[in-house]
Amino acid sequence: MSEETRDRGDGDGGSGDRPSLADQRGVESVYQPAEDSDLLARTARERVEAGDTVLDVGTGSGYVAATLADAGAQAVGVDVSPLACRETADNGIPVVRGDLVESFRADAFDLVAFNPPYLPTPPEQEWDDWMEHALSGGDDGRRLVDPFLETVERVLAPSGEVLMLVSSLTDPDAVRAFASEHGLASEQLASEKHPYEALVVLRFYRD
């Protein structure tokens, strides 16, 4: 979720109030497509061909997976949230409830897409619900980014690639350096500037 989208949900409460993101639980329980989802989906769609096997990690409503399925890919979503899995299935996308890529066999996917929870969030502002899990990136915004990069190579086909959406708030250079330490080369494919951040799509592939 982008900082711009997050800011639009902010309330007027002070620092002692419940965080605004948690307040959204009465509106949505599953993260809905926003400018970050759209940038990732558009960028990934340009890279898939009919018949490609695609995994959308942290699929949420299934928007990115559906976009790639429309392009002819064999797309599946995965999400730890049962609510997200239900919504993705209702939207006609095959989905697995699981944590990152651990549910899938080796060498399975031509493309893996991931729009992680990347917004830096102090621990005292985190709340234990599914929406917050979809939004909070922990102290440095990389709560799930790093574990994903440590494990995603296993499920890539020999010429497979990863497309991940990150924010300037998450330090894309640090993300790329971490990936390099785990055998993944990278490049920037797309970016968009927004009032509070820049959104960036990074491509990772075997070095």
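Look a little higher up for the structure.
Residues numbered from 1 in each chain as written. Predicted model: local features only at pLDDT ≥ 70, side-chain atom pairs only at ≥ 80, totals over all residues. Heavy atoms only, no water.

A.B. asks: So, the packing of aromatic side chains: which residues are in play, and what are the values?
C.D. replies: Within this structure, the stated rule accounts for two aromatic pairs. With centroids separated by 5.4 Å and ring planes inclined at 75°, the aromatic side chains of F104 and F109 adopt a geometry described as edge-to-face. Across the pair, exposure class does not vary: F104 and F109 are buried alike. The interplanar angle of 50° and the centroid separation of 4.6 Å between the aromatic rings of F114 and F148 together place this pair among those described as tilted. Here F114 is found in strand β4 (residues 109–114), whereas its partner F148 is found in helix α7 (residues 145–151), with 34 residues between them in sequence. For the pair formed by F114 and F148, the shared burial category is buried. (Phe/Tyr/Trp six-rings, centres within 6.5 Å; stacked < 30°, edge-to-face > 60°. Buried < 20%, exposed > 50% of the residue type's maximum accessible area, 1.4 Å probe, protein only. Helix = DSSP H or I, 4+ residues; strand = E, 2+ residues; numbered from the N terminus.)

A.B. asks: Before we move on, could you go through helix α3 (residues 35–45) and cite the residues and values that matter?
C.D. replies: Of all eleven residues making up α3, eight are buried, and the element is well covered by its neighbours. Within α3 the residues assigned to the buried category are E35, D36, S37, L39, L40, A41, T43 and A44.

A.B. asks: How would you sum up unusual backbone geometry? Please name residues and give values.
C.D. replies: In this structure, L100 is a non-glycine residue whose phi angle is positive, near 50°. Here L100 is to be found in the loop between β3 (95–97) and β4. What makes L100 buried here is its relative accessible area of 14%. Phi is positive for D107, close to 60°, though the residue is something other than glycine. Structurally, the position occupied by D107 is in the loop between β3 and β4. You can call D107 partly exposed: its relative accessible area is 43%.

A.B. asks: Give a description of the sheet that holds strand β6 (residues 184–194) that names residues and reports values.
C.D. replies: Strands belonging to one sheet form pairs held by backbone hydrogen bonds; the direction of such a pair is parallel or antiparallel. Sheet architecture is open: seven strands sit in the order β3-β2-β1-β4-β5-β7-β6, paired in mixed fashion. Across the chains shown, the open sheet's two edge strands, defined by having one partner strand only, are β3 and β6. When strand polarity is set aside, the average angle formed by the axes of neighbouring strands in this sheet is 20°. Pairing geometry for strand β5 (residues 156–167) and strand β7 (residues 197–206), over six bridges, is antiparallel. Of the residues in β7, the one forming a bridge with M164 is L202. Packed onto the sheet, helix α4 (residues 63–70) meets β1 (53–57), β2 (74–79) and β4 and runs at close to 165° relative to β1. (Pairing = 2+ DSSP bridges. Axes fitted to C-alpha atoms, helices over the stretch in contact; angles between N-to-C directions. Contact = heavy atoms within 4.5 Å.)

A.B. asks: Tell me what's going on with the pattern of salt bridges, and back it up with residues and numbers.
C.D. replies: The full count for this structure, using the stated rule, is six salt bridges. Across the pair R42 and D38 runs a salt bridge whose closest N-O atoms are separated by 2.8 Å. Taken together, the residues R42 and D38, both in helix α3 and four residues apart, mark about one turn of the helix. Residue classification places R42 among the partly exposed residues on the basis of a relative accessible area of 39%. Its salt-bridge partner being E187, residue R203 comes within 2.8 Å of it at the nearest N-O pair. Of the two residues, R203 is situated in strand β7 and E187 in strand β6; the sequence distance between them amounts to 16 residues. Through salt bridges that share partners, R47, E161, E187 and R203 make up one connected network. (Salt bridge = Lys/Arg side-chain N within 4 Å of Asp/Glu carboxyl O.)

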